[in-house]
Amino acid sequence: MYKMKNRKFIAFLIIVILIVLIIGNSLLSTKNVYEKEVDGHNGPIRVEVKIFNDIIEEIKILEHNETIEVVESTLDLIPKNIISRQSGNIDLITGATITGQAIIDAVSQCAKKAGLDLFSIKANQTNDINYNQKEYINVDVVVIGAGGAGLSAAVSASQHGASVLVIEKMTEIGGNTVRSIGMYNAVNPELQKPLGINDSEDIFFQETFLGGKELADPKLVEILTSQAYAGMLWLEDLGVKFDTQVDSCLGGEYARGYYTMSHNGSDYIKSLNKYCTNNEVDILLETKGTSLIVEDNKITGIIAKQHNKEIIITANKGVVIATGGFGYNIEKRMDYDNSLTADMLCSNAPGTTGDGIEMAKDVGANLINMEYIETYPLGDAYDGGLRNNIPDSINNGILINSDGKRFIAEDANRDNLSESILAQNEGFAYSVVDSDYLKDEKDIAYLEGLVSTGVVTKTFNIEELASKLMVDQNILEDEINKYNKFVDNQNDKDFNRKNLINKIDEPPFYYAKKKPTIHYTLGGIQINENTSVINTQGKVIKNLFAAGEVTGGIHGANRLGGNSLPDIIVFGKIAGYNAAMN
Ligand code: ADP
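Every value quoted in this text rests on a predicted model; they were computed, and no experiment measured them.

Rules used throughout
- Residues numbered from 1 in each chain as written.
- Predicted model: local features only at pLDDT ≥ 70, side-chain atom pairs only at ≥ 80, totals over all residues.
- Heavy atoms only, no water.
- Helix = DSSP H or I, 4+ residues; strand = E, 2+ residues; numbered from the N terminus.
- Buried < 20%, exposed > 50% of the residue type's maximum accessible area, 1.4 Å probe, protein only.
- Contact = heavy atoms within 4.5 Å.
- Areas by Shrake-Rupley, 256 points an atom, 1.4 Å probe, with all protein chains shown as cover.
- Lys, Arg positive; Asp, Glu negative; His and termini not counted.
- Charge placed at Lys NZ, Arg CZ, Asp CG, Glu CD.
- Core = buried A, V, L, I, M, F, W, Y, C linked by side-chain atoms within 4.5 Å.
- Domains from an automatic or database assignment.
- Phe/Tyr/Trp six-rings, centres within 6.5 Å; stacked < 30°, edge-to-face > 60°.
- Near = heavy atom within 4 Å.
- Polar contact = N/O pair within 3.5 Å; in protein donor to acceptor, adjacent residues only side chain to side chain.
- Nonpolar A, V, L, I, M, F, W, Y, C, P; charged D, E, K, R; others polar.
- Axes fitted to C-alpha atoms, helices over the stretch in contact; angles between N-to-C directions.
- Parallel < 35°, antiparallel > 145°, perpendicular 65-115°, else oblique.
- Left-handed = near helix turned anticlockwise from the far one by under 90°.
- Pairing = 2+ DSSP bridges.
- Buried area = accessible area lost by both parts, 1.4 Å probe.
- Expected span 1.5 Å × (residues − 1).
- Salt bridge = Lys/Arg side-chain N within 4 Å of Asp/Glu carboxyl O.

**Observations regarding the overall build of the chain**
When helices and strands are counted, the chain shows 17 helices and 21 strands. In terms of overall dimensions, the chain has C-alpha extents of about 110 × 65 × 50 Å along its principal axes. Among the 582 residues that make up the chain, the fraction classed as buried is 55%. In the chain, the share of contacts with a sequence separation of at least 24, taken over all contacts with a separation of at least 6, comes to 71%. For the chain, the exposed surface amounts to about 25,500 Å²; the carbon and sulfur share of it is 51%. The average position of the 53 basic charges and that of the 78 acidic charges among the side chains of the chain differ by 8 Å.

So, in structure tokens, the structure goes:
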């Protein structure tokens, strides 16, 4: 009996000791959640910070009013970098420096409440020690940027026997290429002839060169227009599947634009990436090229930054710059065109900040056509993206302003369209189509898909259309009837539109709200026919190649819609080949 009591007492004692230990331990280690509101670019930003045992464990942006297209990568990377370095001494992201600094300030103030100094010597030292980590890599060809041009260069260099490494500064590959609708221009008799389209490489050249106001390098235009078809076949070999639809592009008279099955730039990236995965072409993500290495008057590699580490990549044969354009970099785009202010919508990926142009300039590269920055007239009026593009609406639809009226020949070139949309009340237009022009089941399903995601609206009669557009029904009806007569008579008396193939007469009617969006930077690094970078003295910079939106001279002052994909594929391929064979 006594022994029994004794055992019970010992068990009780053990439980008490355990409880004391647990409570004591949790009292010693404190996990605190702090919140701070600071001023961002467009208003307050509310940040939550979790700190545990003097370590910043989690940073959440609870609320903000920033423009998401501009700050997307800042909201993602600034918190990640503060946590990985436990320091406020981190790089801001060009184009969104105010937002980035605001987040650092908020976290720093939260850290202070927990007794931590985000800018203390300890934090700086940690940062320095980590940053001194170095890694050395040697390959034949290094490609900077994993968009369409970079991956094409990588695949092509690998196909020609080179060992290849691709570095990409963002957390994922694809750049602007994945954001595009994926229209690929080429003269492709197999698809064009059955539709009675008598196109030729010469017509394609003329439309491209004249469309660019004769400011492109004719040799490069000739390569683009004569090799686009071969590029398409190369893509098919890599697994890209093209639809049979042939579409007209903005600014071009002849229909020669093809789409991949999902009408999306990601199809190109997926196939190119698959080749890389299967053929030992490594892609290092979150690895930013910062400066080119020059030795004995030639480029021998690139220095890159990966979190806290410096990676020195030497390239036996060549370096390909494929870092895309600079549309996302507000300061830089305004240096060349000060009308492209921060409040303009932008369809570009956050990584397109012009890094490659700066790196090339630092080693003497010549830049051309930098002042030509293209706005895409028909961006989604809400976010500047391209998701709400109605298939073949350029040929078959009309543009209506907030008064319910047409205001331009809808087949005008991009510049004129953008300018004229911006001149309308509130600077937007509705793209309106009817429903009998889409014959292909797939296109109808695609359009209905856009309706179901809410980016395109379907209305069942003119009354409903006028009410949704918030315009006077009589005005809209008169305007549409007038346009339909122009189609009957093949004469647009109001705006002289040439392409008059479809009347707006068959309900349901679909529409999407459109605004010009910053879309493509036409200028960049000067290259020759081999994609070798040219310096300010007109000479080749040895071992340095460039391809894609980072280059200038392919499109001149204005780009034909659908020409960027053949540009990145054709010149990416050439760059990879020349680097590998160097
Ligand atoms: P293109 O159409 O010419 O291929 P993209 O915009 O599709 O251009 O791709 C360019 C890619 O280059 C983007 O993924 C972008 O994040 C990446 N990039 C830009 N600057 C750097 C850099 N300094 N280091 C590594 N990658 C970069």
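Once you've had a look at it, read on.
**Here's the deal with the nonpolar core**
Of all hydrophobic cores here, the largest spans 115 residues; its most connected members are Y184, I313, I525 and F571. Summarising the domain contributions, this core has at least three residues from each of domain 1 (29–113) and domain 2 (133–372 + 522–577). Core analysis: the next-biggest nonpolar cluster, separate from the first, contains 19 residues, I398, Y430, L465 and L476 among them.

**As for the packing of aromatic side chains**
One pass over the structure, following the stated rule, counts 7 aromatic pairs. With a centroid separation of 5.8 Å and an interplanar angle of 55 degrees, the aromatic rings of F326 and Y336 are classed as tilted. One end of the pair, F326, is in the loop between strand 11 (309–321) and helix 10 (330–336); the other, Y336, is in helix 10, and 10 residues separate them in sequence. Counting every residue linked through ring pairs, the aromatic cluster contains Y184, F242 and Y268.

**Topic: the site of the ligand**
In the neighbourhood of the ligand, 27 residues make up the surrounding shell, with A149, E168, N176, T177 and E549 lying closest. Residue K169 places a main-chain N or O atom 3.1 Å away from a nitrogen atom belonging to the ligand. Between the ligand and G289, the relevant distance is 2.9 Å, taken from a nitrogen atom to a main-chain nitrogen or oxygen of the residue. In isolation the ligand exposes 580 Å². Once the protein is present, 98% of that is buried. Counting residues per element, the ones that place at least two in the shell around the ligand are helix 5 (148–159), strand 9 (287–295) and helix 11 (355–362). With 3 residues, the top contributor of residues to the shell around the ligand is strand 9. Class assignment for the residues of the shell around the ligand results in 8 nonpolar, 14 polar and 5 charged.

**Considerations on the packing of helix 5 against helix 17 (residues 564–580)**
One can describe the packing of helix 5 onto helix 17 by two numbers: an axis separation of 7 Å at closest approach and a directional angle of 40 degrees. Classified by the angle their axes make, helix 5 and helix 17 are oblique. In the crossing of helix 5 with helix 17, the sense of the turn from one axis to the other is right-handed. Across from G148, A149, S152, A153, S156 and A157 in helix 5, the residues of helix 17 making contact are I568, I569, G572, K573, A575, G576, Y577 and A580. Grouping the amino acids of the contact of helix 5 with helix 17 by side-chain chemistry returns 8 nonpolar, 5 polar and 1 charged.

**Focus on helix 13 (residues 414–422)**
Buried within helix 13 we find R414, L417, S418, S420 and I421. Summarising the contacts, the buried residues of helix 13 are in contact with strand 13 (373–380), strand 14 (398–400), strand 15 (429–433) and strand 17 (509–521). In this structure N413 caps helix 13, since a side-chain oxygen of it lies 3.2 Å from the backbone nitrogen of D415.

**Description of the sheet that holds strand 18 (residues 524–526)**
Spatially, 12-18-21 is the arrangement adopted by the 3 strands of the open sheet, whose pairing is mixed. The sheet is open, and its two borders are formed by strand 12 (367–368) and strand 21 (551–552), each paired with just one other strand. Of the pairings in the sheet, the one linking strand 18 to strand 21 comprises 2 bridges and is parallel in character. Opposite Q526, over in strand 21, you have G552 as the bridge partner. The sheet strands contacting helix 11 are strand 12 and strand 18, and the helix crosses strand 18 at an angle near 40 degrees.

**With respect to the packing of helix 15 (residues 462–469) against helix 16 (residues 473–489)**
The interhelical angle for the contact between helix 15 and helix 16, taken along N-to-C directions, is 120 degrees, at an axis separation of 9 Å. The pairing of helix 15 with helix 16 is recorded here as oblique in orientation. Of the two elements, helix 15 crosses helix 16, and the hand of that crossing is right-handed. Contact residues: helix 15 offers I462, E463, L465, A466 and L469, while helix 16 offers Q473, L476, E477 and I480. A class-by-class count of the residues in the contact of helix 15 with helix 16 yields 6 nonpolar, 1 polar and 2 charged.

**Quick word on the domain arrangement of the chain**
Split by domain assignment, the chain resolves into domain 1 (29–113), domain 2 (133–372 + 522–577) and domain 3 (375–517). Averaged C-alpha coordinates put domain 2 and domain 3 at centres separated by 31 Å. Counting residues at the interface gives 25 residues for domain 2, matched by 26 residues for domain 3. Both sides of the domain 2 and domain 3 interface together cover about 1,900 Å² of buried area, and 53% of this is carbon and sulfur.

**Some points on helix 3 (residues 97–113)**
Compared with the 24 Å implied by 1.5 Å per residue over 17 residues, the 25 Å span of helix 3 between its first and last C-alpha is a close match. Among the residues making up helix 3, those that are buried are T99, G100, A102, I103, I104, A106, V107, S108, C110 and A111. Once helix 3 finishes, G115 follows within two positions and takes phi at roughly 80 degrees, a positive value.

**Overview of the pattern of salt bridges**
Here the structure, examined in full by the defined rule, presents 26 salt bridges. Across the pair E374 and R414 runs a salt bridge, and its minimum N-O distance is 2.6 Å. One end of the pair, E374, is in strand 13; the other, R414, is in helix 13, and 40 residues separate them in sequence. Several salt bridges share partner residues, and in doing so they unite R406, E410, D492 and R497 into one network.

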